[in-house]
Amino acid sequence: MPSPSRRHLTPGEEVVRDALRRRGLRWNGERDPTPLLVAAGAARRRHYALLGHYSYRLFLRDVLRRPADLRAAALTRYVSAAVAARYLRFLATAKLVEPRGRGRYRVRERRIVSFGGTLEWYVAEVLAREFGCAAAAGLRVHGAAHGGDYDVVACAEGEVIYVETKSAPPRQIVASEVRAFLDRVDTLRPDCALFLADTTLRMRDKLVGLFVAEVARRRLAWGEPTRVERELWRVGPEIYLLNSDPDLARNVGICLAVHFRGRGITLG
């Protein structure tokens, strides 16, 4: 397994680093060195905007399933052939794929094998761009209890927000992942934690039950999960379970609003 890499920190990442240090955790930019499917330069803004569409995120997962032989006609599981062709042309312009002739492409960076890291990057960007948070993605925190892999950590209004992202469908998410998430919550002690499944499927069918079972196993007196709205659930004290329906950024924003409004003055 490659050793985590370290790079220069952005101002937002420096805020996250300092918040972690105040919690006794040391992080100086270490992360998994596996490249991401993220555009550079002028194409990044367009790539970010496209990632706001669930169909584009599904399309990219399809791309990574067959990285050496990309053809619009073979990438129609989630979009039409015309849309797939347009997406491929953009990815080529963004230098994320390269042409192989006769409408065929391949992923330029062959070390990219999963969409998970790209999803983490996108969620961190949503927190930074849409909600003014300092944010970092794909953290590898050495010496942290229960393992130090944190998908997204953000800071806002003097508080720490932790987001665990899942690009797999609910049927592939298992009890051990919920257990590991709560272990990391216990280590980090964030003010707000989100378990985000990037799917339009219902959370109640399986994932709510996984949280109920894990809370019972730990004998936590948290009570039953409560629905915030649609498929957004409060599964513990300031711990939220959410999907991406109808929109990932919207759902993240609703959970943040519930959390931050809960701290304020109420006259009711």
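These lines cover the structure that appears in this document, whether it is placed above or below. (Residues numbered from 1 in each chain as written. Predicted model: local features only at pLDDT ≥ 70, side-chain atom pairs only at ≥ 80, totals over all residues. Heavy atoms only, no water.)

## A closer look at the overall build of the chain
This is how it is decided: Runs of H or I in DSSP of at least four residues are treated as helices and runs of E of at least two as strands, each being numbered from the N terminus. Only protein chains enter the area calculation, which uses a 1.4 Å probe; residues under 20% of their type maximum are buried, those over 50% are exposed, and those in between are partly exposed. All accessible areas in this document rest on Shrake-Rupley with a 1.4 Å probe, and a residue is counted as covered only by the protein chains that are shown.
A tally of regular secondary structure across the chain gives eight helices and ten strands. For the C-alpha atoms alone, the extent of the chain along its principal axes is close to 60 × 40 × 40 Å. Looking at the 268 residues of the chain, the share that counts as buried comes to 49%. Summed over its atoms, the accessible surface of the chain is roughly 13200 Å², and 50% of this surface lies on carbon and sulfur atoms.

## Regarding the sheet that holds strand E3 (residues 104-107)
As a reminder, the rule being used: Two strands are counted as paired when DSSP detects at least two bridges linking them.
The strand order E1-E3-E2 describes an open sheet built from three strands, whose pairing is antiparallel. The open sheet has two edge strands, strand E1 (70-71) and strand E2 (97-101), and neither has a second partner. Alignment of E2 against E3, held across four bridges, turns out to be antiparallel. Across the sheet, the residue bridging to Val-97 is Val-107, located in E3.

## With respect to the sheet that holds strand E9 (residues 232-236)
Quick reminder of the rule: Helix axes are fitted only over the stretch in contact, all axes being lines through C-alpha atoms; the angle between N-to-C directions runs from 0 to 180 degrees. Should any heavy atoms of two residues lie within 4.5 Å, those residues are considered in contact.
Taken in spatial order, the seven strands line up as E4-E5-E6-E7-E10-E9-E8 in an open sheet, and their pairing is mixed. Looking along the sheet, the strands with just one partner apiece sit at the ends: strand E4 (134-140) and strand E8 (226-229). Pairs of neighbouring strands in the sheet enclose a mean axial angle of 25°, with direction left out of account. Sheet analysis places strand E5 (residues 149-156) next to strand E6 (residues 159-166), joined by five bridges and oriented antiparallel. Across the sheet, Val-153 pairs through a bridge with Tyr-162, a residue of E6. Relative to the sheet, helix H1 (residues 11-22) contacts E4, E5 and E6, its axis offset from that of E4 by approximately 65°.

## A short note on the pairing of strand E10 (residues 239-242)
Across the two faces of E10 the burial is the same, with Ile-239 and Leu-241 and Tyr-240 and Leu-242 all buried. One ladder, built from four bridges, connects strand E7 (residues 192-197) with E10; its direction is parallel. Note on E10: the bridge partner recorded for Leu-194 is Tyr-240. Linkage of E9 to E10, two consecutive antiparallel strands, is achieved through a turn of two residues, within which Glu-238 is found at a positive phi near 60°.

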